[in-house]
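The lines below spell out each chain.
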Amino acid sequence: MSLARDLYIGGEWVPAEGDKRFVVLDPGNAETIAEVADASPADGRRALDAAVSAQESWASTSPRDRGELLRRAFDLLTARSEEFATLMTREMGKPLAEARAEVAYGAEFLRWFSEEAVRITGRYGDNPAGTGKIVVSHRPVGPCFLITPWNFPLAMATRKIAPALAAGCTVVVKPAAPTPLTTLAFVRLLEEVGLPTGVVNVIPTSQSSAVSAPIIADSRLRKLSFTGSTNVGRALMKQAADGILRTSMELGGNAPFVVFEDADLDEAVAGALIAKFRNVGQACTAANRFIVHADIAAEFATRLSTHVAAMRVGHGLEPETVIGPLIDEGAVTSAAELVRDAVERGADLLAGGHPIERPGTYFEPTVLTNVGPGTRLLSEEIFGPVLAISTFTSDDEAVSLANDTEYGLASYVYTRDLGRAHRMIDLLATGMMGINAGAISDAAAPFGGIKMSGLGREGSVEGIHEYLDLKYSFIPNL
């Protein structure tokens, strides 16, 4: 795949103002992959200008035509899965097998919303007084600003772009600085399948705040969607308040993984390996706190440690790699500090726990037990391959420990008791839950959290409504 390196504005590939560029590194070996156009605030305004100019025409494009474009994009992306997977592994670091899975997952949003584009419905009926008709209809919200993260550079782009386009909205996309190449490759694919001028605009930049602020402040923008940390999301929401923007915020997580004494331990261990170590632990849905019944905690930890110690660490393109690099040196330092804090507070280190000395940014997959109250691992989002186990003795204690966080994105529960499973659905304060499952993401499911994990939903039938305004009209009887 030849790499796209420029900005994409108004249907053209253009250099950044002053032809400024920034370097994209392979975290697996610290080598330069490419130098990419570094958008300025002026470039951001040009991108919004293009989106605004295209909005009326795209909104008036038939739902069928919008859906067919997304379907063609699904077909082409699926055909080029290996190219996109290889590119993602190089710029983000995830093992190639996981990158292939992300291409399949990301493509599903294109297929799903190609079908939802023609299913935007309203409502028509008599008012209670019988004096007229109530008509409820939907309209595209307007130009959108989409800010995507580095950990899933394709799927997070398609999860936002697909519903926006299906709803009839134009967009400006700002990919994360460490991983702009996948988004640029994707918009080139959209161009191939007939994307009209100005409907999607992409502005990589190393100066995120400076570029984003004037776009968000522009009165022509009507929607902001962000995936990233809670702290950044909070700051963006404050900026969006001045313009009363529609906002979708998919923010941080601190997911509990609760294993009851009646759980199938083989299934629980297999689920734990997926929930914790997928994407090298760099996922907002990653299990953060393993809350295991005291009667089975030792056996659970032993089985897990055996698997973790056998995990192959290496560059994502190397055969049999299970754990790739973390995104940068800062992530390695953070993981090391969290492990050190836990050990100093009395936790036992069963596996891993140290940075790996080799080109790139690697940290050993790690298991800690006896992680007690006050440990940073229990309150902070880990975003790395570090698994922390604490124990409980009653259902009430398990619920209390699981809910003891400001976050509320995902949770995982392992039990054979159907009644207990239903109680956990009612009691655990998260927007998503896996029951005897370590992977829960699906394009047909509403993805999102509560509390400090954000607001709004992506995917499913709910996802397209994040990009639609609702209009009520009254028609008196004649």
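Scroll up a little and you will see the structure.
Residues numbered from 1 in each chain as written. Predicted model: local features only at pLDDT ≥ 70, side-chain atom pairs only at ≥ 80, totals over all residues. Heavy atoms only, no water.

### Concerning the overall build of the protein
When helices and strands are counted, the protein shows 15 helices and 24 strands. Taken over C-alpha atoms, the radius of gyration comes to 23 Å for the protein, in line with the 23 Å a tight globule of 478 residues would show. The C-alpha extent of the protein, read off along each of the three principal axes, is 70 × 65 × 40 Å. Per-residue burial over the protein gives 55% buried out of 478 residues. Excluding contacts between residues fewer than 6 apart, the proportion of contacts in the protein whose partners are at least 24 apart in sequence is 73%. Side-chain charges in the protein split into 43 positive and 59 negative, and the spacing between the mean points of these groups amounts to 6 Å. (Helix = DSSP H or I, 4+ residues; strand = E, 2+ residues; numbered from the N terminus. Rg over C-alpha atoms; globule rule 2.2 N^0.38 Å. Buried < 20%, exposed > 50% of the residue type's maximum accessible area, 1.4 Å probe, protein only. Contact = heavy atoms within 4.5 Å. Lys, Arg positive; Asp, Glu negative; His and termini not counted. Charge placed at Lys NZ, Arg CZ, Asp CG, Glu CD.)

### Brief notes about the nonpolar core
L165, V200 and F300 are the most contacted members of the largest nonpolar core, which has 119 residues in total. Judged by nonpolar contacts, the second largest core, of 25 residues, contains L7, A50, I147 and I203. (Core = buried A, V, L, I, M, F, W, Y, C linked by side-chain atoms within 4.5 Å.)

### Here's the deal with the sheet that holds strand β17 (residues 366-369)
Pairing in this open sheet of 7 strands is mixed, and the strands run β14-β17-β18-β13-β12-β20-β21 from one edge to the other. Across the chains shown, the open sheet's two edge strands, defined by having one partner strand only, are β14 (348-351) and β21 (432-435). When the angles between neighbouring strand axes are averaged without regard to direction, this sheet yields 20°. Note that β17 and strand β18 (residues 386-392) share 3 bridges and pair parallel. (Pairing = 2+ DSSP bridges. Axes fitted to C-alpha atoms, helices over the stretch in contact; angles between N-to-C directions.)

### Here we look at the packing of aromatic side chains
Overall, the coordinates contain 8 aromatic pairs when judged by the stated rule. Consider the rings of W150 and F383, whose centres lie 5.7 Å apart with planes at 85°: the pair is edge-to-face. A residue pair is termed long-range when its members are at least 10 positions apart, and W150 in the loop between β7 (144-147) and α5 (155-167) and F383 in the loop between α12 (376-379) and β18 qualify at 233 residues. Owing to a relative accessible area of 19%, W150 belongs among the buried residues under this scheme. By the ring-pair criterion, three or more aromatic residues cluster together here, those being F257, F290, F300, Y412 and Y414. The residue whose ring lies beneath R188 is W13, and the NZ or CZ to ring-centre distance is 5.8 Å. Over the face of the ring belonging to Y467 we find K223, whose NZ or CZ atom lies 4.8 Å from the ring centre. (Phe/Tyr/Trp six-rings, centres within 6.5 Å; stacked < 30°, edge-to-face > 60°. Lys NZ or Arg CZ within 6 Å of the ring centre and 35° of its normal.)

### A short note on the side chain of T89
Structurally, T89 can be placed in helix α3 (residues 81-92). Beyond its immediate sequence surroundings of up to four residues, T89 is in contact with K94, P95, L96, A99, G316 and L317.

### Comments concerning unusual backbone geometry
Positive phi, close to 50°, is recorded for I244, a residue that is not glycine. Mapped onto the fold, I244 is located in the loop between α8 (230-241) and β11 (246-250).

### Examining the side chain of T321
When you line up the elements, T321 lands in the loop between α10 (297-309) and α11 (329-344). T321 gets classed as buried once you look at its relative accessible area, which sits at 11%. From its side chain, T321 meets the backbone oxygen of E318 in a polar contact 3.2 Å long. Residue contacts for T321: discarding those within four places in its chain leaves P95, R312, G314, H315 and G316. (Polar contact = N/O pair within 3.5 Å; in protein donor to acceptor, adjacent residues only side chain to side chain.)

### What about the sheet that holds strand β6 (residues 132-140)?
The 3 strands are arranged β5-β6-β24 in an open sheet whose pairing can be described as antiparallel. The sheet is open, and its two edges are formed by β5 (123-126) and β24 (468-476), each paired on a single side. Between one strand and the next, the sheet's axes are offset by a mean angle of 15°, whatever the strand orientation.

### Remarks on helix α7 (residues 208-217)
For α7, the full list of buried residues reads V211, S212, I215 and I216. One side of α7 carries all its buried residues, which in axial view fall inside an arc of 120°. Of the exposed residues in α7, those oriented more than 90 degrees away from the buried face are S209 and A217. Of the surrounding secondary structure, the elements contacted by the buried residues of α7 are α1 (41-60), β7, β8 (171-174), β10 (223-227) and α8. (Arc of directions from axis to C-beta.)

### Section: the packing of α1 against α7
Contact pair α1 / α7: the axes reach a minimum separation of 8 Å and the direction vectors enclose 40°. Of the possible angle classes, the one that applies to α1 and α7 is oblique. Once α1 is placed against α7, the crossing between them reads as right-handed. Contacts from P41, G44, R45 and L48 of α1 reach α7 at A210, V211, P214 and I215. For the contact of α1 with α7, the per-class residue count stands at 6 nonpolar, 1 polar and 1 charged. (Parallel < 35°, antiparallel > 145°, perpendicular 65-115°, else oblique. Left-handed = near helix turned anticlockwise from the far one by under 90°. Nonpolar A, V, L, I, M, F, W, Y, C, P; charged D, E, K, R; others polar.)

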